Amino acid sequence: MDLHLKNLFGRFQEQFGSGPGLGPGSSTCLMKVEGVSPNFIKSIYKGSAALYRTEPWKRLRPWHLFGIRVGKDSDWSGKKQPFPCVQFIGGDGGDVGFYMFRSESDAKKMTGPRETIRVPNVELLRVSYEPERLMFPSNKRMIKSLSLEASGTDRFPVIDVARCMSSGELRFRNPTLEELRFVYAFMRAISLVHPLLQEDKDGAPKWSRMMYFETFIETVDVQWPPEMAKGHDLVAVTVSHPPGQAYEEKASSTASSTPTKYAEPPREEVFVDVRVNSNGVLRQCTLCEKEVHGDQSQCCAQCRAVVYCSSLCQKQHWKETHKSMCGLYKAMMEREEELAMKIFLFPCSADQPCKWLESLGIHQKGMWRRKCGCYAHCPLGLLPVKGGLWDSWGGLDDEEYPRDSPFHNHVRDGIPSPILLSGWSEYYNLRLLPLSSPVADILSHPFTVYYILTALNISSKNLLLKGKEVIIHYLGPQGELDWMPAFAEIGHLLNGSGNIHIVMVGPEVPTNLSGTTSGISSRVRVNLVRGNYQDEATYLPSPHIIVALNCGLESYSAWGGALELIKSRGVPAFFTEQSEILCANAKQVLRGAGLHITHPVTPNPFRSPVKTHCLSNNLPSYSNGFVLGVNT
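Residues numbered from 1 in each chain as written. Predicted model: local features only at pLDDT ≥ 70, side-chain atom pairs only at ≥ 80, totals over all residues. Heavy atoms only, no water.

An unreviewed UniProt entry lists the chain under the name MYND-type domain-containing protein, from Populus deltoides.

Caption draft 1: Seen up close, the sheet that holds strand E19 (residues 524-530). What the eight strands build is an open sheet, ordered E18-E19-E17-E16-E20-E21-E25-E22; its pairing is mixed. Of all strands in the sheet, those with a lone pairing partner are strand E18 (517-518) and strand E22 (597-603), marking the two edges. When strand E21 (residues 573-577) meets strand E25 (residues 626-630), the two strands line up antiparallel, connected through five bridges. Across the sheet, the residue bridging to Phe575 is Leu628, located in E25. In the packing of helix H12 (residues 458-465) onto the sheet, the strands contacted are strand E16 (469-475) and strand E17 (499-506), and the crossing angle to E16 comes to about 140°. (Pairing = 2+ DSSP bridges. Helix = DSSP H or I, 4+ residues; strand = E, 2+ residues; numbered from the N terminus. Contact = heavy atoms within 4.5 Å. Axes fitted to C-alpha atoms, helices over the stretch in contact; angles between N-to-C directions.)

Caption draft 2: The pairing of strand E7 (residues 216-223), seen in detail. Most of E7 is tucked away, with seven of its eight residues classed as buried. Where E7 and strand E8 (residues 234-241) come together, eight bridges link them in antiparallel fashion. What sits directly across from Gln223, in E8, is Leu234. (Buried < 20%, exposed > 50% of the residue type's maximum accessible area, 1.4 Å probe, protein only.)

Caption draft 3: Quick peek at the packing of helix H6 (residues 311-333) against helix H16 (residues 580-592). Direction vectors running N to C along H6 and H16 enclose 135°, while the axes themselves pass 10 Å from each other. Accordingly, the angle class assigned to the pair H6 and H16 is oblique. Contact residues: H6 offers Met325, Leu328, Tyr329 and Met332, while H16 offers Glu580, Ile581 and Ala584. In terms of residue class, the contact of H6 with H16 is built from six nonpolar, no polar and one charged. (Parallel < 35°, antiparallel > 145°, perpendicular 65-115°, else oblique. Nonpolar A, V, L, I, M, F, W, Y, C, P; charged D, E, K, R; others polar.)

Caption draft 4: Representation of the sheet that holds strand E5 (residues 155-164). Ordered by their spatial adjacency, eight strands build an open sheet running E6-E5-E4-E3-E2-E1-E8-E7, and the pairing between neighbours is antiparallel. Every other strand in the sheet has two partners, leaving strand E6 (170-173) and E7 as the edge strands with one partner each. For this sheet the average axis-to-axis angle between neighbouring strands, irrespective of direction, equals 30°. In the packing of helix H5 (residues 177-193) onto the sheet, contacts are made with strand E1 (66-70), strand E2 (85-89), strand E3 (96-101), strand E4 (123-131), E5, E6, E7 and E8, and the angle to E7 comes to roughly 120°.

Caption draft 5: Up close: the nonpolar core. Trp393, Trp424, Tyr427, Ile472, Ile502 and Met504 are the most contacted members of the largest nonpolar core, which has 60 residues in total. At the level of secondary structure, the elements contributing two or more residues to this core comprise helix H8 (353-360), helix H10 (424-430), helix H11 (440-456), E16, helix H13 (484-494), E17, E19 and strand E20 (545-548). The contacts of Ile472, once residues within four sequence positions are left out, are Val449, Leu453, Ile500, His501, Ile502, Val503, Ile545 and Val547. Membership of the second largest hydrophobic core comes to 54 residues, among which are Leu51, Trp76, Phe213 and Val239. (Core = buried A, V, L, I, M, F, W, Y, C linked by side-chain atoms within 4.5 Å.)

Caption draft 6: Seen up close, the pattern of salt bridges. Per the stated rule, a full pass over the model turns up 16 salt bridges. The shortest N-O distance in the salt bridge between Lys58 and Glu55 comes to 3.2 Å. On the basis of relative accessible area, Glu55 is assigned to the partly exposed category, the value being 40%. In this structure, a network of salt bridges that share partners links the residues Arg102, Glu123, Arg163, Arg173 and Glu179. (Salt bridge = Lys/Arg side-chain N within 4 Å of Asp/Glu carboxyl O.)

Caption draft 7: Region of interest: the packing of aromatic side chains. Per the stated rule, a full pass over the model turns up 26 aromatic pairs. Measuring from centroid to centroid gives 4.9 Å for Tyr52 and Tyr129, while their planes differ by 50°, and the two rings are tilted. With a gap of 77 residues between them, Tyr52 in helix H2 (residues 38-53) and Tyr129 in strand E4 connect regions that are remote in the sequence. In this structure Tyr129 comes out as buried when scored by relative accessible area, which is 2%. Their ring planes at 50° and their centres at 6.5 Å tell us that Phe346 and Trp356 sit as a pair that is tilted. One end of the pair, Phe346, is in the loop between helix H7 (336-339) and H8; the other, Trp356, is in helix H8, with 10 residues separating them in the sequence. The exposure class assigned to Phe346 is buried, which follows from its relative accessible area of 4%. Through successive ring pairs, a cluster of aromatic residues spans Phe344, Phe346, Trp356, Trp368, Trp393, Trp424, Tyr427, Tyr428, Phe447, Tyr451 and Phe606. Geometry around Trp224 places Arg181 over its ring, the cationic atom sitting 4.3 Å from the centre. (Phe/Tyr/Trp six-rings, centres within 6.5 Å; stacked < 30°, edge-to-face > 60°. Lys NZ or Arg CZ within 6 Å of the ring centre and 35° of its normal.)

In structure tokens form, the structure reads like this:
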């Protein structure tokens, strides 16, 4: 195509759209909505920008319909959800945004193979992301006067309600205040949960190029901004795919109640003697905790997740607790293959860590000494250090560990900015590390912190982009106290932008290290403080974010005071656990402490690739395997 025609066609597409969509936005200006406040509009645009950054259009198409439920039906006029069905448009080109329908039937009527079909007397709410230069003057003035946040580089959401008339033309009106509240809750919830959709390759026809997703339902607590709250600060938002997965509302439900994702699966009490293949490793009965050799133990025939010493324990555990949990365990076991990190060439199982480390030639060397029990006699943080990065990494070959050097050629618009990583493959490529290098196992801890700062928490990311310092309260450090050379790599990822101050607080910090500060790089410094967080927090600098990695919430009685403090401060906090079942337990602990899960359980792209199993079950566990957040 000639260049001038290509440019002309590009401008035509920007102005009039192509593919699914209803064409240009209306002249609707949110300033004209009755009862609206400037802060209300700012919150809407912040939520819209947060959703845009997650780029749902990479995978979602109009035929991927979502059910949406915000709070209770009684919370809305007419005692029903305003727009309980949603689709994303623009993934194949044209207008980028999403449409919200009054029913699934309306959505299906208007969804054509290539274009959005105009069906008479169907009303929908649409959010279109338009380039600023194509917007109406009234919207431009609103954006400028309120300093509204952009979505992407120069796009802003235009929100209106469209109705197709019998003549085929469109009529537009302003959304109501109630409808904007509903849109806000959806944008916040879907930005958190749509990355959790799993492709269903088996369920799709072999001839189809369309991506199919597994049946999905997830509930998250969304925090209303102060100007949007109506009696409750939080609201439970349920997103399902397909829409027919909606929950039945119970009379006892509350605005923030969270339904259960998994149904009770066992249909009958059938017990089969399924032997566990564990190469003679000692296991532990789930019920009585009796030690038994793996080849003599047995597991549940339904989920194959929990381990028993005998059929008697198995039957008793089924009656007491396992009957209600078996379906959840089975769902987790089915994800084992999906969660496995197949890119690495080193052994990825460490049920016997000494043998694993010996196979790599790093047993009892450098930072690896904290990966087995051989140096348990040496207090945390006080491993003898010979000095030098080569010794710290256990004498790995020079090309197998990250050197203390910056990343080159990472400049955006002529300005250095933090390097945003998507996973281990990208990092190994950037550092030119072979996939046989095991450094990811130790780097999992600092990189999980960096991932939380730059991908999960918008405020800390913005501080770093502005070149400012982010203060982290890091709770319960253990092996990390001997892995400071690995944390120095965060400084290189910052790439000349911002600083990070990590305050590690916990009872495992040695007394003679408490109160010390380590400048492990020019942009990262670490303070060590011994004690329980709730006792020491008043003496520490106020945090922007709180993290606790592999925290074991269900097993620490001392967590009660720390969680109460996190709740009172309202600071964003993120917790990681090794397995999904531990995360499920952690969610119960957090909710019991009055905290609300605002970032649901998701696999961590920087979890350790080394897989282990709990003594009493077969569920795969990875250091920092899953992350969840509160107050985010």
